[in-house]
Amino acid sequence: MVVTLAMESNCLRIDLDLSSEAASMWVPEYDEMYTLPPCIFPHPSISQLKFSGCKFVSSFFKSFTSVNLVTLTSVELQKDSVSDFVSKCPCLEELHLLHCKIPSSYFELNAPESNLKCLELHSCRGNKGLSFEHASIQIPTLLQLKYIGEFRSAGYLSICNSENLIEANICIFYCPNYEYKLVCKLLKNLLNVKSLTLSPSNLDVLNTNGGISLPSPLFNLRHLSVDLGQADKEFPGLICLLRSTPCLETLCVDCHPYCETDDEMLSGVYNADEEVVQQLHLLPSLMKVEIKEFQGLKVEMEFVKHILQISVCLKEMVIHIRGRYYYLDIRMGKDHYKNFKIKKAETIKTLLACTPASPDAKIILK
């Protein structure tokens, strides 16, 4: 009764959190969720909806004539309710589905007549709480897409008829058979994207092609951000991607530290006699580079040197090394401490001694 009154009230925004105390965003209690009651005529003044911890049946509602932003968190939906709901919101511009359950083996949103501009799918799941087999998105008006999740064996993400898409954030945690051709097909559908964020799995798959350029270059890409799980394994995939982005202006690389022993930490620092990065073509438009969680690995040092050598218009390179070395300071015992300090000093000295191709380039260590 209270929920129905809220839906029919003269307000701009409705925010309903019906999740139980035992449930969480990560482990929702779908079986005990409250089902939103029917409301045939929601008030036309409502422009924003935010539901959490409930079951939503789109057939219970006729239309949301003025709603332009919807956020559903830990909500259980019906099989085709997402497409049905979007069709009932002619003014909808932003849709965020966070940790939602959709009882289907795949996710599909084909909305050729919608006005949707921003779509986010974060850790949504299908039948029995399992990952989707695949996901398909076809929205001609879409400008921004954020997909974070995983697929079952041989799963993939397909983005079609989205020529207006200019910003994409694709993070696929785990897909055992995520083949090279599927990644290339995905990137081919992002040819108009200007800002792109990719996860380690995408780069790891590109590495299987030996660092060769992509079949379809990303001529419109201006801003690239990548996360690396294991830098030494995923840098070749990044190089493959950089070879296909001739108009890139900014690059951000986050080198997440992975579990390693103290000996591996020390042996992984830069060795000037060993070159481990394949050659890149010139990056004539690259102006700013930011490298986070820099670990001082050989491949990272070579990558920095090479980027400086081929970026003729570079203005600034920012390298964050403090987090890595602070972590090492805590873990290292007294026996390794002196040796570690020497290695750190050598790393910093080597970075500062790099000669950039651009006379205006500045190297900033943080």
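This report concerns the structure included in the present document. Every chain's residues receive numbers from 1 upward, in the order its sequence appears when written. Residue-level local features of this predicted model are given only where pLDDT is at least 70; pairs of side-chain atoms are given and counted only at 80 or more, and the full residue set underlies all totals for whole chains, interfaces and linings. Based on all heavy atoms of the structure, the side-chain values leave hydrogens and waters out of the count.

## Brief notes about the environment of Asp-360
- Relative to the elements of secondary structure, Asp-360 occurs in the loop between helix H9 (334–353) and strand E19 (362–365).
- Throughout, a contact is declared for two residues whenever any of their heavy atoms are within 4.5 Å. Setting aside its immediate chain neighbours within four residues, Asp-360 contacts Leu-314 and Lys-315. Put simply, DSSP marks the helices as runs of H or I at least four residues long and the strands as runs of E at least two long, and each gets a number from the N terminus on.

## Some points on the side chain of Ser-131
- Note on placement: Ser-131 falls in the loop between strand E9 (118–122) and strand E10 (132–138).
- Note on classification: 1.4 Å probe, protein chains only; a residue is buried when its accessible area is under 20% of the maximum for its type, exposed when over 50%, partly exposed between these limits. When its relative accessible area of 7% is taken as the criterion, Ser-131 is described as buried.
- Polar contact is the term for a pair of N or O atoms within 3.5 Å; when the atoms are in protein, one must be able to donate a hydrogen and the other to accept it, and sequence-neighboring residues count only if both atoms are side-chain atoms. At 3.3 Å, the side chain of Ser-131 and the side chain of Arg-125 are in polar contact.
- Within polar-contact distance, the side chain of Ser-131 engages the side chain of Glu-150 at 2.9 Å.
- Apart from the residues within four sequence positions on either side, Ser-131 is in contact with Arg-125, Glu-150, Phe-151 and Arg-152.

## Focus: empty space enclosed by the protein
- Of the grid points, spaced at 1 Å and generated over the protein atoms alone, those admitting a 1.4 Å probe that cannot get out make up cavities, while open sets with protein on both sides within 12 Å along at least five of seven lines make up pockets; any residue with an atom within 4 Å of a point is treated as lining. Grid points are joined across faces, edges and corners, and a volume is the space filled by probe spheres set on the points. On inspection of all chains with the given rule, the structure shows two cavities of 30 Å³ or more.
- Of the pockets and cavities examined, the largest cavity occupies roughly 50 Å³.
- Around the largest cavity sit Phe-56, Leu-72, Leu-77, Ser-81, Val-82, Phe-85, Val-86, Leu-95 and Leu-97, which together line it.
- Considered class by class, the residues forming the lining of the largest cavity number eight nonpolar, one polar and no charged. Following the grouping adopted for this structure description, the nonpolar residues are Ala, Val, Leu, Ile, Met, Phe, Trp, Tyr, Cys and Pro, the charged ones are Asp, Glu, Lys and Arg, and the polar ones are all others, Gly among them.

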